[in-house]
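Listed here are the chains, written in short residue letters.
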Amino acid sequence: MFLNQCCPRGQFARLGAIGFGCLFALVLSISVSIAHEGHDHGDDQKSAAASSVFPRVTAQSARYEIVGILKNGSFLIFIDDAVSNQPVTDVNLQVTIGDFEAVEAKRGPNGYTIPFPDLGHSGSTEVIFAISGGKGDDLLVDSFMPSQPIQPNTRHNSTRISPMGTLAVLLLAGSIIGILFGYLRRRGRRNAASIAGLTSGACLFLAAVASAGWQNAGMSPSTPQLQAQSDAPRRLSDGTAFAAKPTQRLLDIRTATAEPGTARPAFNLIGRIIGDPNRSSIVQSLYGGRIVPNNGTLPRIGQKVTKGETLLRIEPYLPVADRTTISEKMGEIEQFIALAETKINRLRPLAERGAAPMGQLHDLESELAGLRARRETMRNSRGGFELLRASTDGIITAAKAVPGQVVQPQDVLFEIADPQGLWVEALAYDELDPAGPVQATASDSDGTSFLLSYLGTSRALRQHASVVHFSIPQPPSSLRIGQPVTVLVQGGRAKEGLIFPRDAVVQTNNGESVVWVHVAPERFEPKPVRIEPLDAKNIIVAAGLNASDRVVVRGADLINQIR
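Residues numbered from 1 in each chain as written. Predicted model: local features only at pLDDT ≥ 70, side-chain atom pairs only at ≥ 80, totals over all residues. Heavy atoms only, no water.

Colleague: Before we go on, may I ask you to explain the overall build of the protein chain in this structure?
Modeller: From N to C terminus, the protein chain includes 8 helices and 34 strands. When the 563 residues of the protein chain are sorted by exposure, 37% land in the buried category. Residue pairs in contact within the protein chain that sit at least 24 positions apart in sequence constitute 69% of those at least 6 positions apart. Surface accessibility of the protein chain: about 32400 Å² in total, with carbon and sulfur atoms responsible for 53%. (Helix = DSSP H or I, 4+ residues; strand = E, 2+ residues; numbered from the N terminus. Buried < 20%, exposed > 50% of the residue type's maximum accessible area, 1.4 Å probe, protein only. Contact = heavy atoms within 4.5 Å. Areas by Shrake-Rupley, 256 points an atom, 1.4 Å probe, with all protein chains shown as cover.)

Colleague: Sorry, what's going on with the sheet that holds strand β3 (residues 74–81) here?
Modeller: Hydrogen bonds between backbone atoms are what pair the strands of a sheet, whose relative direction is either parallel or antiparallel. The 5 strands lie next to each other as β1-β2-β3-β7-β6, forming an open sheet whose pairing is antiparallel. Edge positions in the sheet fall to β1 (56–60) and β6 (106–107), since each of these pairs with one other strand and no more. (Pairing = 2+ DSSP bridges.)

Colleague: How should I be thinking about the side chain of Arg254 in this particular structure?
Modeller: Among the structural elements, Arg254 can be located in strand β12 (residues 254–257). On the basis of relative accessible area, Arg254 is assigned to the buried category, the value being 11%. Only 2.9 Å separates the side chain of Arg254 from the side chain of Asp252, close enough to count as a polar contact. If we ignore the near neighbours within four places in the chain, the residues touching Arg254 are Ser84, Asn85, Gln86, Pro87, Val551, Val552, Val553 and Arg554. (Polar contact = N/O pair within 3.5 Å; in protein donor to acceptor, adjacent residues only side chain to side chain.)

Colleague: Explain the sheet that holds strand β14 (residues 266–275) to me, please; I cannot follow it from the model alone.
Modeller: In space, the 6 strands of this closed barrel follow the order β14-β23-β26-β25-β24-β27, with antiparallel pairing throughout. Strand-to-strand twist in this sheet, taken as the mean axis angle between neighbours without regard to direction, amounts to 40 degrees. Relative to strand β27 (residues 484–490), strand β24 (residues 439–443) is paired through 5 bridges, and the arrangement is antiparallel. Directly across from Gln439, in β27, lies its bridge partner Gln490. (Axes fitted to C-alpha atoms, helices over the stretch in contact; angles between N-to-C directions.)

Here it is, written out as structure tokens:
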């Protein structure tokens, strides 16, 4: 009734539109203030990816590389070799900070330490490192700025209305205008009801947007966010890896300078370890039979044996028919022996008295000796043992003999090899140089590498490949006969490139070959490279590096895992 009396029907829509516009402008200005609330005015002062938390100074010369870290009131100093990154702990160090006098650094197990003086200001401070001894005397100078303790990032509200108050105002306005919308709709004022409904919806929408913005920020307007303090290894935003000097020493990181060279590339062959035929042998039985241990024991695997040493005995196996024949022969021989002894005993007294010739007695004695020899031979053929002896010096690599076991002729019972006489048998699917490879090396599954000496190539194919034999001049003690190895044979045209150990090249997640370059004392940069095999230990970097780059040659796989 009040609205109908104060506002004519024609003017109500116009006044409602004006009121809606004013209310919408008010709500929009409040929402802008809400969006501005919580803005961090210090974002432009923060770096995208800080490489370190604790203040530090770095200096480098042709001999040494120094990193000083200010932590808990102490100045920790790490000195490394400028080329190999080897820790240097055998030098004398004097440190001059600002206008203070030089201080002799105290040598510790991991580096040097000095107490950090109270500078009285937070500006840039010059630090002078004087090194004496070791690879030579040196003087390194740099400056750093001791930073203030990291403060929590506080958010400042730029409006007079608190965020919770703004949200309450929006909700209250939306509720009141919603009640007005229901009243106007019941009174039949469609235009005014539409305007009130739109205004109420706008208030509720802006309230929902403001609430969602605070939730996405992950914080309440009054709760500060603290910045974590850590010197842990991490990957920086530009793709490089940060590793503090203490971490580098724990990971045993080593570097080397790239030096150009000329070498012949290599190609891989699949091979296995075999024994030198001149220094290995097998033990077999010629006739077969039952195994009988020699002196009660059988040789074991790994036992050293000498040439001619008896390893075991073989009791021959005789069929029943052969045994019967031997028994009959033995009976006949025994009968002949008894008859000959009787004749000799009867003839000897006569020969001694001269009644019978002595030659007849001698003939009977010779016949008796022959019969006894035949009897001994027959006995040996029935119960004699076959002695199996070692043919070469070495150790037993395989034993297949068990007491009481019946073996057939030509069964292999023992294999003997000399651990210092080993060969490599490889299969070559590509044609080798008739004059032989320039150099050949091999490596096993554990990464142990050793030199090879080329012996020859077979003219007959095996599995569509040529058989190549190499000797091992100095075989490692870890090699075993039958062990698979990878053979790298150098040949072809010589190529120029940078030679590095194989451990310097690692694979990224996308399968790309990279090396890590030590671009700063505590920063490493990955560089994609193109490599070619050289030997079991080294590779040729054909492209991707400069001659002066310091490449990580030990611990590159650990740096590659930093995230």
